[in-house]
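# Residue-level structural notes
One letter stands for each residue in the lines below.
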Amino acid sequence: MKRLALTFLLALLAIPAGAQAAGTGGHNPATLKLERSFTAALSARVDSGNGCYPAEAAMAKQISKRWKFKVAVVNSLKQVRRQNLVYVIKSASNCNNVRFALRSGALYELDAARGEIVVLGKAAARQRRAAAARANRGPLRAIATVTKTYNVGAKHRRLRFEANCPGGKLPLGGGMVATPPVGPGGEGVYPHSYERLGAQRGWHITAWLFDGGDGSVAARQLKIQAVCARGLSPMSAPHTTVFTKPGQTKTATARCPGGQQLMSGGFQRTDFLNDGGNYVTESRAVGSKAWRVTASAYGDYGGEVTAIAYCVKSKRPLLAEVSASSPLAFGQAATATTPGCPAGRRMTSGGFSANGSTKTFFAGGSINGDQTWSASSYGFFGGLTAYGPADRLTAYGYCLRPGS
């Protein structure tokens, strides 16, 4: 569906895992071509009957038809030679993944399973490692929350929002607060992604203003939070993606590699409108080395969901977890708020779970002034037993120790 392309383009791409732009795709004509190629492929997947990306030749034709790009299908990266030509890499593309490459001076690659555009080559790899090493010098320090406020109305109900860290600080986590909150008919702002910005140094949320089905909705003020600090930045950001068809519920778990521990997590690529789509019902840490995301789909179409784990080199677990639950009923909004962090720690990120229910739309989470974490949701699918009970929302807050 063409209406999905903008959301996925904004939510997924040019958001590298590294601490700085060195060795990553950044924003330029080459990355824009790859981003647009991916939106064509993902729109085709959402429209497909089997939930798969198109075969390579068919995908190349769709990209060419939609964007007027010259596209070639090759077996491996070694065959990517011509400048400014989009290549579909056959050896790495399948039902659940697509891989594109493009030469524009440097060699750029978009692997949907990894989740961001990177610059390939030994020099770029050295730049990425050096940037991560610089970002992790010294202890965790100077933790502060910054915010940016947006006005969201019916004319621009689905947009990309972000808050960026000042003065060379790097993001640890983030959140959002909508005013007014979700209304009695479910009208309000719902996030489609919650994730860290690497090169841009901030926190990104793609969200949309849902009208509850009656065609009218009051404007909202949306405040985006980014928790910023010095001395801690992910050395890797594993992504795991699954596809949900209408009526399905699936879970994606992103795991830190050996020798690394979880410092934060997030999700991306969900998308739902009044007539259907997929929506997140859980996004939280599971243990000290993994981040789990669960999503369901309803109505006319499904979509992808990606779990992201932000990981840093450490022999010991980094996060302390606090949690609290609140009742969640059909036709009502609910908010759960955690206790504060253990002594000597700061609240830096958060998550939530609907505890197996698929009846609820997540309405965002945020860090409060008293260093607690709140998560909100709305019980949307009442009376549909296939969606399971929607009786409990749990908020999870994650705390780091300054000076570590």
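Below is a summary of the structure that appears in this document. Note that the coordinates shown come from a computational prediction; the quantities given were computed from them, not determined experimentally.

Ordered in space as 13-19-15, the 3 strands form an open sheet in which the pairing is antiparallel. Of all strands in the sheet, those with a lone pairing partner are strand 13 (239-244) and strand 15 (260-268), marking the two edges. This sheet shows a mean twist of 20° between the axes of neighbouring strands, independent of strand direction. Judged from the 6 bridges that link them, strand 13 and strand 19 (residues 303-313) form a sheet pairing that is antiparallel. Within the sheet, the bridge partner assigned to Thr241 lies in strand 19 and is Thr306. Running at roughly 130° to strand 19, helix 2 (residues 29-47) makes contact with strand 13 and strand 19 of the sheet.

Moving on to the environment of Ile63. As for its placement among the helices and strands, Ile63 is situated in helix 3 (residues 56-67). Separated by 24 residues in sequence, Ile63 and Thr39 have C-alpha atoms that sit 8.8 Å apart. Filtering out sequence-adjacent residues up to four positions away, Ile63 remains in contact with Ser37, Ala40, Lys68, Phe69, Val71 and Phe100.

Let's shift gears to the nonpolar core. As a rule of thumb, soluble globular proteins bury nonpolar side chains together. Ranked by internal contacts, the top residues of the largest apolar core, which has 64 residues, are Leu172, Tyr194, Leu222 and Ile224. Broken down by element, the residue count for this core peaks at 7 residues, all from strand 19. Not counting chain neighbours up to four residues away, the residues in contact with Leu222 comprise Lys148, Thr149, Tyr150, Val152, Phe161, Met176, Val177, Ala178 and Val189. The next biggest cluster of nonpolar side chains, apart from the first, holds 23 residues, and it includes Tyr53, Ile63, Val98 and Val119.

Inspection of the entire model under this criterion finds 4 disulfides. In this model Cys165 forms its disulfide with Cys228; the gap between the sulfur atoms is 2.1 Å. Torsion about the S-S bond of the Cys165 and Cys228 cystine: about -85°, corresponding to left-handed handedness. In this pair, Cys165 sits in the loop between strand 7 (158-164) and strand 8 (170-179) while Cys228 sits in strand 12 (residues 220-230), placing the two residues 63 residues apart along the sequence. Like Cys228, Cys165 is buried. Disulfide partner of Cys341: Cys399, at an S-S distance of 2.1 Å. Measuring the twist about the S-S bond at about -85°, one finds the Cys341-Cys399 disulfide to be left-handed. Separated by 58 residues along the polypeptide, Cys341 in the loop between strand 21 (333-337) and strand 22 (346-353) and Cys399 in strand 25 (residues 392-400) bring together distant segments of the chain. Summarising the burial analysis for this pair, Cys341 and Cys399 share the class buried.

Mapped onto the elements, Ser193 comes out in the loop between strand 9 (188-191) and strand 10 (195-197). Relative accessible area serves as the criterion here: at 0%, Ser193 is assigned to the buried category.

What follows deals with empty space enclosed by the protein. All chains considered together, the criterion is met by 2 cavities of 30 Å³ or more. Considering only enclosed or pocket space, the largest cavity measures out at about 90 Å³ in volume. If you trace the largest cavity, you find 15 residues lining it, with Tyr194, Ser283, Trp291, Gly350 and Gly351 closest to the centre. At the level of secondary structure, the elements contributing two or more residues to the lining of the largest cavity comprise strand 8, strand 15 and strand 22. Per element, the largest residue contribution to the lining of the largest cavity is 4 residues, and it comes from strand 22. In terms of residue class, the lining of the largest cavity is made up of 7 nonpolar, 8 polar and no charged.

Calculation rules
Residues numbered from 1 in each chain as written. Predicted model: local features only at pLDDT ≥ 70, side-chain atom pairs only at ≥ 80, totals over all residues. Heavy atoms only, no water. Pairing = 2+ DSSP bridges. Helix = DSSP H or I, 4+ residues; strand = E, 2+ residues; numbered from the N terminus. Axes fitted to C-alpha atoms, helices over the stretch in contact; angles between N-to-C directions. Contact = heavy atoms within 4.5 Å. Core = buried A, V, L, I, M, F, W, Y, C linked by side-chain atoms within 4.5 Å. Buried < 20%, exposed > 50% of the residue type's maximum accessible area, 1.4 Å probe, protein only. Disulfide = S-S within 2.5 Å. 1 Å grid on protein atoms, 1.4 Å probe; cavity = no way out; pocket = protein on both sides within 12 Å on 5 of 7 lines; lining within 4 Å. Points joined across faces, edges and corners; volume = space filled by probe spheres on them. Nonpolar A, V, L, I, M, F, W, Y, C, P; charged D, E, K, R; others polar.

So, to be careful, I would describe these as geometric facts and stop short of saying anything about function.
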